[in-house]
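Chains, contacts and geometry: an overview
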Amino acid sequence: MEEEWGSTQFVVEQFQRWFAQNSQTVPAPLEIESREFGFLTFHGRGMYRHIRLPTEGELQRYLRQNAPAHSYHSSSYYDDPTADMARKGWRGADLVFDLDADHFDLPCQKEHDKWVCRNCGKQGTGHPPELCECGKAQFQTETWLCEKCLQAAKHETQKLLDILIQDFGVHPEDLTTNFSGNRGFHVHVHSETVKPLEQHARREIVDYIMATGLEVEHQGFSQRNRGAKPVLAEGGWRGRTSRALYDYLSEATEKELKEMVSGKAAQSIISERGRLLKVLTDKHPSNLMPLIDPKSLQVVLRKAVKLQASEIDTVVTTDIHRLIRLPNTLHGKTGWQVQTIPYGELPDYDPLRSAIALKGPPVKLEFRNAPPIRIGETWYGPYGDETAELPLEAALFYLCKKGARLAR
Ligand SMILES: [Zn+2]
Ligand SMILES: [Zn+2]
């Protein structure tokens, strides 16, 4: 029989070996007895969920015995985590955020992601379209990742943390930031204040963080309401909007501006740049109006605000029955570890160094077109249709992504 792409059995054995030695490092989530657990195996068959593992010891034993491909716990607290959804008895939930490069539009995705229509066979790069030319929306996707994806996810996470701390007053002790094990980060807020919030309240938090429906006239950029002082240092979106515009104007090029506003407006923004910035630091933002036409200002502000908002996945935060990845377990699509990053260490966190859990002697692989990746200090790939020998830490990544199989 031909070896299947991904060599599942080999990967399963590596996961079993890792969990046998390391499951005792997986910490219990807070109030573990009220959490629902869910797991996916490497063999498909859907998720095993509605599982209660009331102690750390039972959780670790489960992980040792099953070595799951993906491990999750509920963000919610339930009276009976094993009951079906309607009968669980919801008692509250952590506030969770997902920042995943899958949801961003990044130029690098055109280089490393592919899709194929299951219906007509049409192929493309990057994100699949909403509908294929044949009218169907059944795509098979192959998503990889690169340092740019990880950098983008980190940047969005940092903006989220700033908003949570500065605007919502979340105490850093109540925050946990986790590397997802693949293309993103998760942020959890655990506190008695957020616990009882229902879906609509979480929706409002999402809108605030994403600056959905933000009207710049109410942030000081109005001709009618003139104030005396600059708002740059103010809290909330009022100050953030001014700082956003300041940052954007400091770096914008004429070429970039011309894509949004008229050539004349772009030229005048560039030639007045110094004065515009000085108004923002010294005066109320309404004083910008004589220097830049209101329509162009609106367009530039919208762009600047978007750069300061955080690209969170709205569904994850508003769904109060969500399962989220269990820290310190492994991610079956990379072989990497889901990791908690201590507060303040996100800027220097390098998942391609820290999250590589399994290491070992070289393995001979047969590839089918796989993009390059850095693991630790070493670069691997790109690979065409060829065989190569890689240390286990790199081999496992290509196997989990199904871009390779064990060579005979
Ligand atoms: Zn099609
Ligand atoms: Zn990328």
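Above this text is the structure in question.
Residues numbered from 1 in each chain as written. Chains lettered and ligands numbered in written order. Predicted model: local features only at pLDDT ≥ 70, side-chain atom pairs only at ≥ 80, totals over all residues. Heavy atoms only, no water.

1. So, the sheet that holds strand S9 (residues 139-142)
Keep this limit in mind: For two strands to count as paired, DSSP must find a minimum of two bridges between them. Here a strand is any run of E in DSSP of at least two residues, a helix any run of H or I of at least four, and the numbering for each starts at the N terminus. Working convention: axes come from line fits to C-alpha atoms, limited for helices to the stretch in contact. Angles between N-to-C directions cover 0 to 180 degrees.
Pairing within the open sheet is antiparallel, and its three strands lie in the order S8-S7-S9. Every interior strand has two partners, whereas the edge strands, strand S8 (123-125) and S9, have only one. For this sheet, the mean inter-axis angle between neighbouring strands, taken without regard to orientation, is 20 degrees. When strand S7 (residues 114-117) meets S9, the two strands line up antiparallel, connected through four bridges. From the neighbouring strand, Val116 faces S9, where its bridge partner is Gln140.

2. Details of the coordination of the zinc ion (ligand 1)
Quick note on the threshold: Only nitrogen, oxygen and sulfur atoms within 2.8 Å of the metal, or 3.2 Å for Na, K and Ca, are treated as donors, and water is left out, so sites may look incomplete. Under this scheme a four-donor centre is tetrahedral when all angles range from 85 to 135 degrees, a four-donor centre is square planar and a six-donor centre octahedral when opposite donors are above 155 degrees with the rest from 65 to 115, and any other centre is irregular. Using a 1.4 Å probe on the protein chains alone, a residue whose accessible area is under 20% of its type maximum counts as buried, one over 50% counts as exposed, and one in between counts as partly exposed.
Protein ligation of the zinc ion (ligand 1) involves Cys117 (SG), Cys120 (SG), Cys132 (SG) and Cys134 (SG), the donor distances falling in the range 2.3 Å. Geometry at the zinc ion (ligand 1) is tetrahedral, judged from its four donor atoms and the angles of 106 to 113 degrees they form at the metal. Expressed as a motif, the donor residue spacing for the zinc ion (ligand 1) is C-x2-C-x11-C-x1-C. Taken as a pair, Cys117 in strand S7 and Cys134 in the loop between S8 and S9 lie far apart in primary sequence, 17 residues in all. The buried category is assigned to Cys117, whose relative accessible area is 2%.

3. Things to note about the nonpolar core
Condition: Joining through side-chain atoms within 4.5 Å is the link that ties buried Ala, Val, Leu, Ile, Met, Phe, Trp, Tyr and Cys residues into a set, and such a set is a nonpolar core.
Core analysis: the largest hydrophobic core is formed by 77 residues, its most contacted members being Phe97, Leu164, Trp336, Phe367, Leu390 and Tyr398. Of all hydrophobic cores here, the second largest spans 24 residues; its members include Leu245, Val279, Leu280 and Leu297.

4. A word on the coordination of the zinc ion (ligand 2)
Reference geometry at the metal: tetrahedral coordination by four donors gives ideal angles of 109.5 degrees; octahedral coordination by six donors gives 90 or 180 degrees. Protein coordination at the zinc ion (ligand 2) comes from Cys108 (SG), His112 (NE2), Cys146 (SG) and Cys149 (SG), with a distance range of 2.1 to 2.3 Å. Note that the zinc ion (ligand 2) binds four donor atoms; their angles at the metal cover 100 to 126 degrees, and the shape is tetrahedral. One chain supplies every donor to the zinc ion (ligand 2), and in sequence these donors are spaced C-x3-H-x33-C-x2-C. Per residue, the accessibility class of Cys108 equals that of His112, and both read buried.

5. A look at the environment of Gly121
Inspection of the secondary structure assignment puts Gly121 in the loop between S7 and S8. In this structure Gly121 comes out as partly exposed when scored by relative accessible area, which is 39%. Note: C-alpha distance between Gly121 and Gln140 (19 residues apart in sequence) is 9.7 Å.

6. A closer look at the packing of helix H4 (residues 147-166) against helix H6 (residues 236-251)
The condition that has to hold: Angle categories are assigned with fixed cut-offs, so that under 35 degrees is roughly parallel, over 145 is roughly antiparallel, 65 to 115 is roughly perpendicular, and the rest are oblique. Here is the rule for handedness: rotate from the far helix to the near one, and if that takes an anticlockwise turn smaller than a right angle the crossing is left-handed, while a clockwise turn gives right-handed. Only heavy atoms matter for contacts: two residues are in contact if any of them lie within 4.5 Å across the pair.
In the contact formed by H4 and H6, the axes pass within 11 Å of each other and the chain directions differ by 140 degrees. In terms of their interaxial angle, H4 and H6 are classed as oblique. You can see that H4 and H6 cross each other, and the crossing is right-handed. Only Trp237, Arg240 and Arg243 of H6 make contact with H4, whose side of the interface consists of Asp162, Ile163 and Gln166.

7. Describing the packing of aromatic side chains
Condition: Think of it this way: a Phe, Tyr or Trp ring, Trp meaning its six-membered ring, pairs with another when their centres are within 6.5 Å, and the plane angle makes it stacked under 30 degrees, edge-to-face over 60, tilted otherwise. Think of it as a cone above the ring: NZ of Lys or CZ of Arg counts as a charge over the ring if it is within 6 Å of the ring centre and within 35 degrees of the ring normal.
Tallied over the entire structure, the rule returns 18 aromatic pairs. Relative to Phe139, the ring of Trp115 has its centre 5.3 Å away and its plane inclined at 75 degrees; by these criteria the two rings are edge-to-face. Of this pair, Trp115 sits in strand S7 while Phe139 sits in strand S9; the two residues are 24 residues apart in sequence, bridging distant segments of the chain. Both residues of the pair, Trp115 and Phe139, count as buried. Taken together, the aromatic side chains of Trp144, Phe179, Phe185, Trp336, Tyr349, Phe367, Tyr383, Phe397 and Tyr398 make up a single cluster linked through ring pairs. Over the aromatic face of Tyr78 sits the side chain of Lys88, whose NZ or CZ is 5.5 Å from the ring centroid. The cationic tip of Arg240 hangs over the ring face of Trp237; the distance from NZ or CZ to the ring centre is 5.2 Å.

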